[in-house]
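Chain and residue survey
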Amino acid sequence: MEEENKIPQTPEEDEPQIKEREDAFMLEEKKEDTPVVQETPMKKADDIDGEINLQNKVTDHNSFSPLNYVYDGFSNVDDDVERTRTSYAARINKSKIATIISTCVMLLAFVAVMLVMFLNKEGKPWITWVVFAFALVLIIGSFVISSIFSKKDQRSIKEYLSAYEDIVNGYLIHGLDVQNAELCSDAKIDETSFIQAHLYRTISSIDSRSVLNGKRHGKEIQIAEVAAVVPPVSYQAANEVPTDYVNLDGTPFIPKAIDDTMTGTTELQSQDMTLVDLELADEANGTDKAKQKANDIAKAKKENDEALNRYGLFGYFFSYDFALTSEESFIIYFMGDRRYTMLPNYLTGYKAVKIPGLRGNIMCYLAKTEDAGKYFDSEAVELLNQITPDTTVQSAFVSVNSHGTKIGLNLSDDIMNVPFKTRQTPNALSSCKEATDQIFRFIDHVERVKMEGANATQEEL
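In this text the structure is predicted, and so the values were computed from the model without any measurement.

**A closer look at the overall build of the protein**
Check the secondary structure of the protein and you find 13 helices and 10 strands. Expressed as a percentage of its 461 residues, the buried residues of the protein come to 38%. The long-range fraction of contacts in the protein, counting pairs at least 24 apart against all pairs at least 6 apart in sequence, stands at 78%. Surface accessibility of the protein: about 28,100 Å² in total, with carbon and sulfur atoms responsible for 56%.

Here's what the structure looks like:
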């Protein structure tokens, strides 16, 4: 009955509903036809752009052997190196003497044959043939002996290199709590590991040797000797510091004006003194020394501008699996001798930051000051100020980001060259060791700050 009492709707009354359904259908069709546009992910400061052409094959793990040298903390490591050098030098010298004697015998036999050929032209031919046969036997025998001792010499040199690297690495990791350390003197690192330090926009080549693998605080650690070549630039360009800085709170840094009144003085740190500062100081004092050295200064400036630096790193490289978020990423560069300093130029997404109390020759670049700034408290500043480049550790860097922790020490030839003679610079290894320990004290501080922040967040939750 109810259905019969319903008033039938006219076509005019159905039209709006039909049109509404048609419009809805059209919208659905448009939705299906509209291409899905995916949002481009936000670029992070520590992202690695560009092509990576790997040149070296990573050494197989089976080639590594456990470290033999264990430093006791009291002995002089230079004495241990010297004892090892002396023992291998005796073996190497014996092989060299045998090689030299064999070479001399071959030359004498050749000379004897030539003399007989010229002096016995009208004599008996059999003498020439006897001398020639005897000389041939001597030459072949000397060549065989020379080859044997040459191979023995190369084997001794390789063994000495392994023994030397074993001592150096054993000394270097003493006190760093590195477990399960294994070394291969002719190993190569994964070149991507250095690229992830995010220091240089273009890297021409990366070579490495003497790789140590181990674990520290449950994280993977790798130490190697690395030579990273970048496009050559002048010393001036390699040492060019930023012009714009920000404070830890993100506000622009405004340098304090120097008070040059009679009563006001400004003390300049020796590390921050430049060639121009010294020149102006001499002129202000009116000393004859400034006039006498005017030509030398101009010449030195010209030489520095024309000289080129082509190494992003020539020394020890550490890769440690302690990572921060991309927003917390930071790069620290310890400037030293301008000849061995190459400031980072791959700083997209980073800001140069002035850290209160930090030495002027320590450059800091932070991804986000509000995230990374917490790692640069007073304790961190004190630890960083203790890291001072010298004649052995000529400059250094620390880069921590989402790829991990990367540390580089630019070292002198006293460390990088295997000593075949008595080391001329004592305590070079101890200087390298001290810088390594100080840097890892800072890394451990950063790790503690991160852990404390994580624990505080969990307690709040």
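**Here's the deal with a nonpolar patch on the surface**
A cluster of nonpolar side chains, W129, F132, L136, I140, F143, V144 and I148, forms an exposed patch at the surface whose accessible area comes to about 740 Å². For F132, the location among the structural elements is in helix 4 (residues 125–172).

**What about the packing of aromatic side chains?**
Applying the stated criterion to the full structure yields 14 aromatic pairs. Between the aromatic rings of Y88 and Y160, the centroid separation amounts to 5.7 Å while the plane-to-plane angle is 35°, which identifies the pairing as tilted. Placement of Y88 in helix 3 (residues 77–119) and of Y160 in helix 4 is noted, with a sequence separation of 72 residues between them. Considered together, Y88 and Y160 belong to a single accessibility category, that of buried residues. Sitting over the face of the ring of Y320, R216 holds its NZ or CZ atom 5.5 Å from the ring centroid. It is K354 that lies over the ring of Y245; its NZ or CZ is 4.7 Å from the centre.

**A look at helix 11 (residues 378–385)**
Along helix 11, the residues classified as buried are A380, V381, L383 and L384. Projection of helix 11 onto a plane perpendicular to its axis shows the buried side chains occupying an angular sector of 165°, all on one side.

**A few points about the sheet that holds strand 10 (residues 404–411)**
The strand order 1-2-3-4-5-10-9-6-8-7 describes an open sheet built from 10 strands, whose pairing is antiparallel. The two strands at the open ends of the sheet, each matched to only one other strand, are strand 1 (65–66) and strand 7 (351–353).

**Describing the nonpolar core**
In terms of nonpolar packing, the biggest core is built from 65 residues, with Y316, F330, I332, F376, F442 and I443 touching the most fellow members. Take this core: its biggest share by element is 10 residues, from helix 13 (residues 428–460). Excluding its chain neighbours within four sequence positions, the residues that come into contact with I332 are I362, M363, C364, F376, L384, A396, F397, V398 and F442. I195, L199, V226 and I331 belong to the second-largest nonpolar core, a separate cluster that totals 31 residues.

**Things to note about the confidence of the model for the protein**
When pLDDT is averaged across the protein, the result is 80; 71% of the residues are at 70 or more. A low-confidence stretch, residues 258–281 (pLDDT under 50), is modelled with 17 contacts involving residues beyond four sequence positions or located in other chains.

**So, the pattern of salt bridges**
All told, the structure shown has 13 salt bridges when counted by the stated rule. Among the ionic pairs, D337 bridges to R339, the shortest N-O distance being 2.8 Å. When salt bridges that share partners are traced, they join E328, K374 and K450 into one network.

**Regarding the pairing of strand 5 (residues 308–320)**
With 11 bridges joining them, strand 4 (residues 219–234) and strand 5 adopt antiparallel strand pairing. Within strand 5, the residue paired with I223 across the bridge is F318. Of the strand pairs in this sheet, strand 5 and strand 10 are connected by 6 bridges, and their pairing is antiparallel. Note that in strand 10 the partner of F318 across the bridge is I407.

**Some words on the environment of Y320**
Relative to the helices and strands, Y320 is located in strand 5. Since its relative accessible area comes to 1%, Y320 is described here as buried. Measuring from C-alpha to C-alpha, the distance between Y320 and E220 comes to 6.0 Å, with 100 residues separating the pair along the chain.

**A word on unusual backbone geometry**
Even without a glycine there, the phi angle at D177 is positive, about 60°. With respect to the helices and strands, the residue D177 is situated in the loop between helix 4 and strand 2 (178–184). Residue classification places D177 among the partly exposed positions, given a relative accessible area of 40%. You will see that N180, though not glycine, has its phi angle at about 55°, which is positive. Locating N180 in the fold gives a position in strand 2. Residue class for N180 comes out exposed when judged on its relative accessible area of 64%.

Cut-offs applied
Residues numbered from 1 in each chain as written. Predicted model: local features only at pLDDT ≥ 70, side-chain atom pairs only at ≥ 80, totals over all residues. Heavy atoms only, no water. Helix = DSSP H or I, 4+ residues; strand = E, 2+ residues; numbered from the N terminus. Buried < 20%, exposed > 50% of the residue type's maximum accessible area, 1.4 Å probe, protein only. Contact = heavy atoms within 4.5 Å. Areas by Shrake-Rupley, 256 points an atom, 1.4 Å probe, with all protein chains shown as cover. Patch = residues over 30% accessible without salt bridge, like charges linked within 9 Å, V, L, I, M, F, W, Y side chains within 5 Å. Salt bridge = Lys/Arg side-chain N within 4 Å of Asp/Glu carboxyl O. Phe/Tyr/Trp six-rings, centres within 6.5 Å; stacked < 30°, edge-to-face > 60°. Lys NZ or Arg CZ within 6 Å of the ring centre and 35° of its normal. Arc of directions from axis to C-beta. Pairing = 2+ DSSP bridges. Core = buried A, V, L, I, M, F, W, Y, C linked by side-chain atoms within 4.5 Å. pLDDT = per-residue confidence, 0-100.

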